[in-house]
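# Descriptive analysis of the structure
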Amino acid sequence: MRESELSGSEASPQRFLVIQPGGQEHICQMLPALKALQNIFPTAEITLLIGEAIEPRLGSVARLWVRPLTNLPALLPHLQTQAFTAAFLFTPPGHSPYPLAYACYCAGIPLRIGQSVEFGGGVLSHWVKPLPAVVPGEHYLHLLTAIEELAADQLRPPGQQPAAWPDQKETVHAHASS
């Protein structure tokens with residue numbers, strides 16, 4: 001992964017797509033992770049794609065898309081025109097991120113980060129193993145922790161090891177194809 005992919009620059013601003021295909025309960029449980037993502041990447045333009053309209057305030061999300069997530073081929077033209085630099089797939093526990101990751105792959109989004117118990121090849125550029133049986137909301141914060149580790153790893157000077165970082169090989173699996 002190149003340094004500019006998550007860290008961004010003035011010449012190439014970060015444009016993130018956050019997808020939450022669950023219902024209102026899952027969307028509400030994901031909001032702390034979304035807020036933390038905004039804090040980690042304060043200059044990023046974040047588009048939140050959800051499958052149903054919700055009531056809670058979504059903070060400083062640049063755009064909110066409410067689209068049916070059952071017809072992914074119809075979603076492709078919308079994704080292709082946006083020049084997203086990364087897609088973060090906040091799928092509910094037990095749900096596969098791979099159909100959405102494949103749509104993002106077909107749309108040309110280079111970074112596709114999600115968590116799943118099964119390996120799905122290079123459809124996810126970064127595969128995160130979920131924690132076993134966690135309380136609601138912790139599932140989404142676990143994915144955010146992996147995203148934060150990836151960003152910190154890219155921003156750390158070459159050769160410098162972090163003092164107290166967990167072994168990322170246990171959490172995040174990067175794939176060469178994207």
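Refer to the preceding data block for the structure.
Overview of the structure.

Next up on the list: the overall build of the chain. Looking only at helices and strands, the chain has five helices and seven strands in total. Listing each helix as α and each strand as β along the chain from the N terminus yields α-β-α-β-β-α-β-α-β-β-α-β. Within the span of the chain, comprising 178 residues, buried residues form 45% of the whole. Sequence-distant contacts in the chain: of pairs separated by 6 or more residues, those separated by 24 or more amount to 61%. Surface accessibility of the chain: about 9,000 Å² in total, with carbon and sulfur atoms responsible for 55%.

Glycine aside, residues mostly have negative phi, and peptide bonds are mostly found in the trans state. Backbone geometry at Ala-83 places phi at a positive 55 degrees, although glycine is not the residue there. Topologically, Ala-83 is positioned in the loop between helix H3 (72-80) and strand E4 (86-89).

Tallied over the entire structure, the rule returns six aromatic pairs. Look at Tyr-102 and Tyr-105: their rings are 6.1 Å apart centre to centre, the planes differ by 25 degrees, and that puts the pair in the stacked class. Of this pair, Tyr-102 and Tyr-105 are both found in helix H4 (residues 98-106), three residues apart, which corresponds to roughly one turn of the helix. A residue is classified by how much of its surface remains accessible, and Tyr-102, at 46% relative accessible area, is partly exposed. Among the aromatic residues, those joined into a ring-pair cluster are Phe-16, Phe-41 and Phe-88.

This part covers the packing of H3 against H4. For any two helices packed against each other, the geometry is given by the interaxial angle and the distance between the axes. Running from N to C, H3 and H4 point in directions that differ by 45 degrees, and their axes come no closer than 9 Å. Between H3 and H4, the angle falls in the class oblique. Taken as a pair, H3 and H4 cross one another with a handedness that is right-handed. On the side of H3, the interface is formed by Leu-72, Leu-76, Leu-79 and Gln-80, while H4 contributes Pro-99, Leu-100, Ala-103, Cys-104 and Cys-106. Among the residues forming the contact of H3 with H4, the class breakdown is eight nonpolar, one polar and no charged.

With that settled, consider the layout of surface pockets. One number sums up the size of the second largest pocket: a volume of about 160 Å³. Taken together, 15 residues line the second largest pocket, and the ones lying closest to its centre are Pro-93, Gly-94, Val-117, Pro-130 and His-139. Considering only residue class, the lining of the second largest pocket consists of eight nonpolar, six polar and one charged.

Summed over all chains, the structure comprises zero disulfides. With no disulfide of its own, Cys-106 lies 9.4 Å from the sulfur of Cys-104, the closest cysteine sulfur.

Definitions and cut-offs
- Residues numbered from 1 in each chain as written.
- Predicted model: local features only at pLDDT ≥ 70, side-chain atom pairs only at ≥ 80, totals over all residues.
- Heavy atoms only, no water.
- Helix = DSSP H or I, 4+ residues; strand = E, 2+ residues; numbered from the N terminus.
- Buried < 20%, exposed > 50% of the residue type's maximum accessible area, 1.4 Å probe, protein only.
- Contact = heavy atoms within 4.5 Å.
- Areas by Shrake-Rupley, 256 points an atom, 1.4 Å probe, with all protein chains shown as cover.
- Phe/Tyr/Trp six-rings, centres within 6.5 Å; stacked < 30°, edge-to-face > 60°.
- Axes fitted to C-alpha atoms, helices over the stretch in contact; angles between N-to-C directions.
- Parallel < 35°, antiparallel > 145°, perpendicular 65-115°, else oblique.
- Left-handed = near helix turned anticlockwise from the far one by under 90°.
- Nonpolar A, V, L, I, M, F, W, Y, C, P; charged D, E, K, R; others polar.
- 1 Å grid on protein atoms, 1.4 Å probe; cavity = no way out; pocket = protein on both sides within 12 Å on 5 of 7 lines; lining within 4 Å.
- Points joined across faces, edges and corners; volume = space filled by probe spheres on them.
- Disulfide = S-S within 2.5 Å.

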